[in-house]
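Structural features, examined
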Amino acid sequence: MAGILVHEWLAERGGSENVFEVLSETFPDAERWCLWNDSNGRFEGVNETVLARSPLRGKKALSVPFMPLAWRMLPERDADWVLVSSHAFAHHARFRGPARDVPKLVYAHTPARYVWVPEADGRGRGLPARALSSALRPLDRARAQEPVAIAANSQYVADRILNTWGREAEVIYPPVDVDRFASEPDLRERDLRILKALPDRFVLGASRFVEYKRLEEAIRVGALADIPVVLAGGGPDEARLRAVAESSAAAVHFVSDPSQALLSALYRRAALLVFAPIEDFGIMPVEAMASGTPVLVNAVGGAAESVIDGVTGAHVREWADLSEVNVSIGRALTSAPEDCLRRAGAFGVKVFQDKISTWVAAESGVA
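These lines cover the structure that appears in this document, whether it is placed above or below.

Here is what the cut-offs are and how they apply
Residues numbered from 1 in each chain as written. Predicted model: local features only at pLDDT ≥ 70, side-chain atom pairs only at ≥ 80, totals over all residues. Heavy atoms only, no water. Buried < 20%, exposed > 50% of the residue type's maximum accessible area, 1.4 Å probe, protein only. Helix = DSSP H or I, 4+ residues; strand = E, 2+ residues; numbered from the N terminus. Pairing = 2+ DSSP bridges. Right-handed = clockwise from strand over helix to strand, strands pointing away. Contact = heavy atoms within 4.5 Å. Core = buried A, V, L, I, M, F, W, Y, C linked by side-chain atoms within 4.5 Å. Axes fitted to C-alpha atoms, helices over the stretch in contact; angles between N-to-C directions.

1. Regarding the pairing of strand β13 (residues 272-275)
Alternating positions in β13 separate into two faces, Leu-272 and Val-274 on one and Leu-273 and Phe-275 on the other, with burial throughout. The pairing of strand β10 (residues 203-208) with β13 spans two bridges and is classified as parallel. Looking across to β13, one finds that Leu-204 is bridged to Leu-273. The sheet contact formed by β13 and strand β14 (residues 295-298) spans three bridges and is parallel. Looking at the pairing, Phe-275 lines up with Val-297 of β14. Handedness of the β-α-β unit built from β13, helix α12 (residues 283-290) and β14 comes out right-handed.

Here you go:
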């Protein structure tokens, strides 16, 4: 008998989807469940909850009040264990039948941020959201007592789990395809043209163009270091970022929605990746290190756990303190590519698969 894998909703792309994909490969015999599957063929054969057959399908914000109930309406199943990949309410999942009483384990990307840390997630700041959060917190905390064990994707998240759910969590860092970024990318002609038009050396900022990603810090770092800047991505914050770029002493180049191959090439050419947001883990710093590139990261958050200060980059506590940022830039730029590559290897897919397999076997009691 095998286990059951449970995830939130499934989309075409996303960090938690990447984890679920590797979990699916690690436990190929496991049955899989999600709220709804909108992955456009990326994930096939995944069962869906009742929400998938309702008008709420795909409407994440509107579905929040109904998610806990949907996870308690799962059908009768038989299994040795249930492993839940949760960043909202999937850890509430309970099947009927024999699977109801088997060990449930949770791989937590985070307790729902808009419920527990609304200051870190704009979706939780409005009055209706705050009222809903107050109602959901006791239920969420109670349901978080059901798993026999919880793993967190960083120590930063493990601390949040302790503070919100009152549970200890083991840290198992998520899988990153480090081999892909350590290899020379296969660039298409369009990507080659874009790359040829960029400086030979630059400070890189890459992500969705949204305010909390703080890409303006990459522009400020470029100005301080007298190095051109490349901002790669796209999103609603682009106009503001272009205005910041216009007033900067640094030459700033924008690359819209780069392909994965082009992003890999940008990592490899960059002198430094600037990653200023407070993230639960932060995959991009690991990708950059896998490319041999050091990273300047926020000293708060999961990225500070992957980037070793003074070895594979540097940490910044106060981005408004130009003297601190300047010193950190110098420290990061002395990082050796081989140290970056070695550190990135600690977050590879095989490392994750070995750790999660060992953890599931030990905590479920099923060898």
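2. Some details on the environment of Val-311
When you line up the elements, Val-311 lands in the loop between α13 (303-306) and β15 (313-316). Val-311 sits in the partly exposed class, given a relative accessible area of 33%. Once the C-alpha coordinates of Val-311 and Ser-357 are considered, the two residues, 46 residues apart in sequence, prove to be 30 Å apart. In this view, Val-311 contacts Ser-335, Ala-336 and Asp-339; residues no more than four positions away in its chain are not counted.

3. Some remarks on the nonpolar core
Judged by nonpolar contacts, the single largest core of 39 residues is most densely connected at Val-6 and Phe-89. Mapped by element, the contributors of at least two residues to this core are β1 (4-7), α3 (67-71), β6 (82-86), β7 (104-108), α4 (113-116), β8 (149-152) and α6 (155-164). Residues contacting Phe-89, with those up to four places away along its chain left out, are Glu-8, Val-64, Met-67, Pro-68, Trp-71, Ala-112, Tyr-114, Val-115, Leu-136 and Asp-140. One finds Leu-198, Val-230, Leu-262 and Ala-270 within the second-largest nonpolar core, a separate group that totals 33 residues.

4. Comments concerning the sheet that holds strand β3 (residues 31-34)
An order of β5-β3-β1-β6-β7-β8-β9 is seen for the seven strands of this open sheet, with the pairing classed as parallel. Here the strands that pair on one side only, and so sit at the sheet edges, are β5 (47-48) and β9 (170-171). Here β3 pairs with β5 via two bridges, running parallel. Its bridge partner lying in β5, Trp-33 is registered against Asn-47. With respect to the sheet, helix α1 (residues 15-26) is in contact with β1, β3, β6 and β7, its orientation differing from that of β1 by roughly 175°. Against the sheet, α6 touches β7, β8 and β9, its axis set at about 140° to β8.

As far as function goes, none of this settles anything; it's purely spatial.
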